[in-house]
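Topology and contacts: notes
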Amino acid sequence: MRNVAASRAVSRRQITFYQIAVLLAAIGAFLALISIFFLQVVLVNTESSTYPLYSALFRILFVIGLGCGVLCLPIAVRGLTFRRENDLAKLVGNALGGYLDDRYTLIRNINRKPVSFYIDAVLVSTHGVLVFRILNQTGNFVNEADRWLMQRRDGSWAPARIDPTRELLSDMRSLQEYLARQQLPNDLPIFGVVVFVHDVALEFREPKLPVATLSNLSRVLQGNYLAQNRINEDTAKRVIQLLYNA
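Since the model is a prediction, treat every value here as computed from it, not as a measurement. (Residues numbered from 1 in each chain as written. Predicted model: local features only at pLDDT ≥ 70, side-chain atom pairs only at ≥ 80, totals over all residues. Heavy atoms only, no water.)

Concerning the overall build of the protein chain
Helices and strands together make up the secondary structure of the protein chain, namely 6 helices and 10 strands. For the protein chain, the proportion of its 246 residues judged to be buried stands at 41%. The contacts in the protein chain between residues at least 6 apart in sequence include a share of 66% that link residues at least 24 apart. (Helix = DSSP H or I, 4+ residues; strand = E, 2+ residues; numbered from the N terminus. Buried < 20%, exposed > 50% of the residue type's maximum accessible area, 1.4 Å probe, protein only. Contact = heavy atoms within 4.5 Å.)

Quick notes on the packing of aromatic side chains
Scanning all chains against the criterion turns up 8 aromatic pairs. A centroid spacing of 5.0 Å and a plane angle of 20° characterise the contact between phenylalanine 38 and phenylalanine 58, whose relative ring orientation is stacked. Of this pair, phenylalanine 38 sits in helix 1 (residues 12-40) while phenylalanine 58 sits in helix 2 (residues 51-81); the two residues are 20 residues apart in sequence, bridging distant segments of the chain. Measuring from ring centre to ring centre gives 5.3 Å for phenylalanine 141 and phenylalanine 196, while their planes differ by 35°; the resulting arrangement is tilted. With phenylalanine 141 in strand 5 (residues 140-144) and phenylalanine 196 in strand 8 (residues 190-196), the pair connects residues that are 55 residues apart, well separated along the chain. Given the relative accessible area of 0%, phenylalanine 196 is considered buried. An aromatic cluster of at least three residues, connected via ring pairs, comprises Phe37, Phe38, Tyr51, Tyr54 and Phe58. (Phe/Tyr/Trp six-rings, centres within 6.5 Å; stacked < 30°, edge-to-face > 60°.)

Details of the pairing of strand 3 (residues 119-125)
Extensive coverage of strand 3 is indicated by the burial of 7 of its 7 residues. Taken together, the 5 bridges between strand 2 (residues 105-110) and strand 3 define a ladder with antiparallel strand orientation. Paired with arginine 108 across the strands is alanine 121, a residue of strand 3. The pairing of strand 3 with strand 4 (residues 128-135) spans 5 bridges and is antiparallel. Looking across to strand 4, one finds that alanine 121 is bridged to phenylalanine 132. Where strand 3 folds back onto strand 4 in an antiparallel hairpin, the turn is made up of 2 residues. (Pairing = 2+ DSSP bridges.)

Looking at the sheet that holds strand 6 (residues 147-151)
The strands making up a sheet are joined through hydrogen bonds of the backbone, oriented either antiparallel or parallel. Taken together, the 4 strands give an open sheet; going across it, the order is 7-6-5-9, and neighbouring strands pair in mixed fashion. Each having just a single partner strand, strand 7 (157-159) and strand 9 (201-205) make up the two edges of the open sheet. Between one strand axis and the next, the sheet turns by 25° as a mean value, whatever way the strands run. (Axes fitted to C-alpha atoms, helices over the stretch in contact; angles between N-to-C directions.)

What follows is the structure, encoded as structure tokens:
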């Protein structure tokens, strides 16, 4: 199996830090501009007893805006320092490489916005397109449709701090729309699988998407994605080219 990273690969942690930096920069710019506007276009009488409060409020907002703008810079720089490789996707690729040949291509770290802000990995072959959401969590989980529960230390169950099924469904929709815009068929078969890299305890109640661990991933895929050929080699090569250059 060919196991490659997209040409513009970044890591999930980098994406998160970039998002935070952009959000802070936007908030800072908004607060600064609003403050400058209302300090120049005064809406209260300068002789009024409320004017000092009015002036102080917008000066404080201006300082907060500048603070947000300054803070976004080290956060963005910190994002640049993270490794670009998705180690979890490499683990999945290594596991798949044990039983898939060169007819299959795994592309890691797909992050071009028209596809999705970030997709862990996509496997492409004549079987179709398989989108991965890869998790590093440990513990006991229950998957009910698209909802997830995790067992607490006292044995009770609570909503998990993960939402992989809905995230994966969103990634699959974004990918389908992107490929359709590239003149590929609207009915291109796109599958999805949630993969835990650890052997977690899993219980299912009508799951919307397949869920696997590294140890049983091959068996899970045999029952759906690997069951039959669905697209020709030329279409598969076109998808690989598009996603690799994403």
